[in-house]
Structures are given as C-alpha cells and as structure tokens.
Amino acid sequence: MSQVRAIRGMNDILPGDTALWQFIEKTVSDLLCQYGYSEIRFPIVEYTDLFKRSIGEVTDIVEKEMYTFNDRNEESLTLRPEGTACCVRACIQNGLLHNQQQRLWYSGPMFRYERPQKGRQRQFHQVGVECFGMSGPDVDTELLLLTARLWRELGVSEAVTLELNSIGSLQDRAAYKQALVSYLEQHLDELDADSQRRLGSNPLRILDSKDSNTQKILDGAPNLSDFLGVEAQQHFAGLTAALDAVGIAYRVNTRLVRGLDYYNCTVFEWVTDKLGAQGTICAGGRYDGLVEQLGGKPVPAVGFAMGLERLCLLVQEVGTIADQLDNSPDIYFIIAGEGLYPVALVLAEELRSAFPSLSMIVHGGGGSFKSQMKKADKSGARLALILGEDEANQGLISIKPLRRADMVQIQVKQAVLAQELASILQTTK
Ligand code: ATP
Ligand code: MG
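Residues numbered from 1 in each chain as written. Chains lettered and ligands numbered in written order. Predicted model: local features only at pLDDT ≥ 70, side-chain atom pairs only at ≥ 80, totals over all residues. Heavy atoms only, no water.

With that out of the way, let us pick up the site of ligand 1. Near ligand 1 there are 15 residues, and of these R112, E114, R120, Q121 and R258 occur at the shortest range. Between an oxygen atom of ligand 1 and a side-chain N or O atom of R120, the distance comes to 2.9 Å. Bound to the protein, ligand 1 loses 85% of the 580 Å² it would expose on its own. Contributing elements (two or more residues each) for the shell around ligand 1: β6 (123–132), β10 (280–286) and β11 (301–307). Examining the composition of the shell around ligand 1, we find that 4 residues originate from one element, β10, more than from any other. Taken together, the residues of the shell around ligand 1 sort by class into 5 nonpolar, 5 polar and 5 charged. (Near = heavy atom within 4 Å. Polar contact = N/O pair within 3.5 Å; in protein donor to acceptor, adjacent residues only side chain to side chain. Areas by Shrake-Rupley, 256 points an atom, 1.4 Å probe, with all protein chains shown as cover. Helix = DSSP H or I, 4+ residues; strand = E, 2+ residues; numbered from the N terminus. Nonpolar A, V, L, I, M, F, W, Y, C, P; charged D, E, K, R; others polar.)

Here is the structure:
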C-alpha cells in the first residue's frame, strides 16, 4: 500500500531532536517566570477577520500565506499565522486589559504557506511575549534585556546582533509614505516587480526589498527618521539611552520596518549571519494601536516573537549545549527468566518511588540475556540491573556498570537494592 506522507513544510520533530527542543522550551519558560511573565494559551484556529483586521490586508501574510478555509457552517477560519492578534483577541474578550498591566507569553505552532527551506516551514513554532498597559521605553528595554539573557543561557550571544529602529506614529508614517512614494515614482522603471506592486499598496515594505537595484535607489530616498514626531523621537531616545545604560549593543537600521501593519515606534530584530537567508531569530516591536483596532479600549502594547526552529538550528550551529544533551536512561533493567516480570516490575516501581528523577527502561518483549544486554548497551544507560533465575531464587539482583571499565558487576539483596543503588548512581554520574 502507498504511504501517507506529511504535508510539505510541516515537519516531524523526532525523538533525537526533542531533548534540544525541551531544553530550549524549559530555558525560555523558566526565564520568563524570572521576569514575572504568565503563560496564556489560545486556539490554533480563529476567524479569518481577526488576522485581516490586525495584520493588514496588504501584507505578505494576509495576501498569500494564510491557511484559510470554510468550516461546515460556511464560516471563514484561518490557522493562526502568528500569535499577537490571537493574544490581543483573548485579552480583550476575557477582560484582561481593564486598568491593569499584563506580561504574557505563549508558545506553539503557527502556519504560513511559504516556500519551505532551511529555517522556513509551513508549520513552525514561535514563542511570543506581549506586554500590555505600559507605554514607556522601559518595558521595551525589559524585553530586550530578557532576550539578551536568553541568548546567553543558550550560548548563542556571540552569534546574534540587535537591529533597532523607530517607525514613529501612524501620522509620522503617513507623511513619510507620501515622501517615499513621490521619490520612488521617479524611479518606477528601475524597481523590482514586487516593489512596483507595493508602491500603491504598502510602500514601506519596499524598504525591506532584497533586490540590490531597489536597494541602490533606496540609498537616495528620504529617511523615515527625519519624519518622526517629537513623541516618537523622545521614545526612541529613551530606549537607546536605557539600552546604553544596561549594556545592550544595537545597530540602528533606519530601513528596518516590520512586515505587519500594526507596529509603531519601536521595531527590532535579533539577527544572525549563521543561518543563511533565514537570519531573523526574533522580531517585534510596539503596537499601541492594535487593541483599539480590534475593538478594545486603547492600551499601549509591545511584544516580540521568536522562531524556535531557527533558534534550534542556531544552538546546534554555534553552541555547545546541543552536544551535552543526552536523553539516554540511567538504568536498563534486564529480566532473564521465565515468569520473573512481576518481581522485576515491583522492584522497578520501588526504585521509581525512591529516585523520582531516575530514568529507567524495563526491558519488554522477552528474548535471551544476550539480546537484552545488547539493547542495554545501545540504550546508553549507565547501569544494567539484571534479574536472572539464579538471582531471583535467592532474593538477589545484579548491578552492572556499563560505561566504567574500572567497576565490576556486583550482586546485592533485593531488599537493599535502593540503598546500594544510591551510592553507585553517585559514583557513576
Ligand atoms: P521572515 O522575514 O523570515 O519571513 P517574518 O518577518 O515573516 O520573518 P515574523 O512574522 O516577525 O517573521 O515572525 C517572527 C519570527 O518567527 C521570525 O523572526 C522567525 O524566526 C520566525 N518565523 C517566521 N516565519 C517562519 C517560517 N515560515 N518558518 C520558520 N520560522 C518562521
Ligand atoms: Mg515572512
């Protein structure tokens, strides 16, 4: 029969890789707890309108990347392409934003119909962090501090740099858009096709163009930073001063705009040159208008999302952490004899109660002593426990160190197995 395959760009994460994923996820959630952030969980599917109204109709995501379908009730639903809109929707709906601040995070799969390649999938995973109710650059700084700490804990600090910009208020941008469009219209023929198309719909995205010719033309374009109003200027000055004070290095990149419509003032990206074209690990900014745009009372907000696949790749590429992760068990329990399973399982349960953090595989499926020994070796376990008929008849059990040539196998009374193991586990660590 023919095999059913996974959907292109939607990858399995296999047992050999989950130790790294779990390590990164735990590091992230512990760190966010340190800073007082609470986890929020929301559905993977939302009404399509939510994303159209927040991300913006003329963005790559809404124009061509969303997984949108009608359900049996003919309602248009979309697999979430990002979490911010969902998070804001959940906060408004559950009254989390009334006269209170929120520091929130979430983690999970996102879906975008893109061309799959290294660091770019159709189902990918993000950790997102969102802060509500704080308008000053202090909280923007906090977000950058906590990401910088995360890079240190994951051993990738040296491989990432922070790019920073202010895109001002909606009004600042409207004025800038006009100036940009009238400049670019004079060079219409020289722009790449995508940029020509965007000139009428989303001209700011042209700043993002990877086309070298377009980039050259942009060198002579008006600068967004010259169009910032006093408020945006002060906010940005406050942010850069705070970053200087806490010792976070950054590069101001005046071409940095974000792909989504809802940002204002601060935008930033943590980028690396170690992963080829997919170099943005973490991206975010301020979105003071979004809550109101989605039907809530106005609440200032700032946040970011990081791509976990790219972070995993980076940790594997540059860090030493990936090599240290090991999901081998501590013990492989060999049961070599007819009818010994009940005795072995009782002993194993006692050990699990005595050593809650011990990882132990109890051999299943029978087989000879020799074949079980092979499996024990292959499992990477430090110790084998061996219950054979001779041992069982005398109330004994054997402990065999598997990775220490200097240590010999010993036989102990089953009744004192836990005590004996405690010291052997210490010495074989
Ligand atoms: P890119 O420019 O790489 O397409 P983006 O601007 O679309 O990124 P965001 O919407 O800001 O990305 O998402 C935040 C982060 O999520 C990105 O920096 C990246 O790490 C990750 N990410 C986005 N799209 C994908 C994808 N298709 N596959 C894997 N990771 C992704
Ligand atoms: Mg994208």
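Having put the structure on the table, let's press on.
General note: in soluble globular proteins, nonpolar side chains tend to be found buried as a group. Counting residues in each nonpolar core, the largest one holds 47 residues, and the members touching the most others are I40, C87, F132, L180 and L184. Contributions of two or more residues to this core are made by α2 (48–55), α3 (60–65), α4 (84–93), β5 (102–111), β6, α6 (170–185), α8 (212–219) and α10 (290–293). Top contributing element to this core by residue count: α4, with 6 residues. Core analysis: the next-biggest nonpolar cluster, separate from the first, contains 43 residues, W21, V129, L150 and I321 among them. (Core = buried A, V, L, I, M, F, W, Y, C linked by side-chain atoms within 4.5 Å. Buried < 20%, exposed > 50% of the residue type's maximum accessible area, 1.4 Å probe, protein only.)

Even without being a glycine, E74 presents a positive backbone phi close to 60°. Tracing the backbone through its elements, the reader meets E74 in the loop between β3 (67–70) and β4 (76–79). A positive phi angle, close to 50°, is found at N99, a residue other than glycine. Checked against the element boundaries, N99 lands in the loop between α4 and β5.

Another aspect to go through is the sheet that holds strand β16 (residues 410–413). Pairing in this open sheet of 5 strands is mixed, and the strands run β13-β12-β14-β15-β16 from one edge to the other. Since the sheet does not close on itself, it has two edges, and those belong to β13 (360–362) and β16, each with one partner. Between one strand and the next, the sheet's axes are offset by a mean angle of 25°, whatever the strand orientation. With 4 bridges connecting them, strand β15 (residues 396–401) and β16 associate as antiparallel partners. (Pairing = 2+ DSSP bridges. Axes fitted to C-alpha atoms, helices over the stretch in contact; angles between N-to-C directions.)

To continue, consider the layout of surface pockets. Here the second largest pocket is characterised by a volume of approximately 690 Å³. Lining of the second largest pocket is provided by 35 residues; of these, S169, L170, R173, Y263 and N264 occupy positions nearest its centre. Where the lining of the second largest pocket is concerned, the elements lending two or more residues are α6, α9 (230–246), β9 (264–272) and α10. Among the residues forming the lining of the second largest pocket, the class breakdown is 13 nonpolar, 12 polar and 10 charged. (1 Å grid on protein atoms, 1.4 Å probe; cavity = no way out; pocket = protein on both sides within 12 Å on 5 of 7 lines; lining within 4 Å. Points joined across faces, edges and corners; volume = space filled by probe spheres on them.)

Mapped onto the fold, D60 is located in helix α3. By relative accessible area, D60 is classed as buried at 17%. Those residues within four positions of D60 in sequence are excluded, and the remaining contacts are E65, R198 and R205. (Contact = heavy atoms within 4.5 Å.)

What the rule picks out here adds up to 8 aromatic pairs. With centroids separated by 5.7 Å and ring planes inclined at 75°, the aromatic side chains of W151 and W270 adopt a geometry described as edge-to-face. Taken as a pair, W151 in helix α5 (residues 137–153) and W270 in strand β9 lie far apart in primary sequence, 119 residues in all. The buried category is assigned to W151, whose relative accessible area is 1%. Members of the aromatic cluster, connected to one another through ring pairs, are F132, Y262, Y263 and Y287. It is R122 that lies over the ring of Y113; its NZ or CZ is 3.9 Å from the centre. (Phe/Tyr/Trp six-rings, centres within 6.5 Å; stacked < 30°, edge-to-face > 60°. Lys NZ or Arg CZ within 6 Å of the ring centre and 35° of its normal.)

The next thing to look at is the sheet that holds β5. Here 8 strands make up an open sheet; going across it, the order is β1-β5-β6-β11-β10-β9-β7-β8 and the pairing mixed. Only two strands of the sheet have a single partner each, and these edge strands are β1 (38–39) and β8 (251–252). Packed onto the sheet, α9 meets β7 (160–166), β8, β9 and β10 and runs at close to 155° relative to β7.

What the rule picks out here adds up to 21 salt bridges. A salt bridge links R198 to D60; its shortest N-O distance comes to 2.9 Å. With R198 in helix α7 (residues 193–201) and D60 in helix α3, this residue pair connects regions lying 138 residues apart in the sequence. Both residues of the pair, R198 and D60, belong to the buried class. For D60, the salt bridge identified is with R205, shortest N-O distance 3.9 Å. Of this pair, D60 sits in helix α3 while R205 is found in the loop between α7 and α8, placing the two residues 145 residues apart along the sequence. Like R205, D60 is buried. Salt bridges linked by common partners bring D60, K64, R198, R205 and D208 together as one network. (Salt bridge = Lys/Arg side-chain N within 4 Å of Asp/Glu carboxyl O.)

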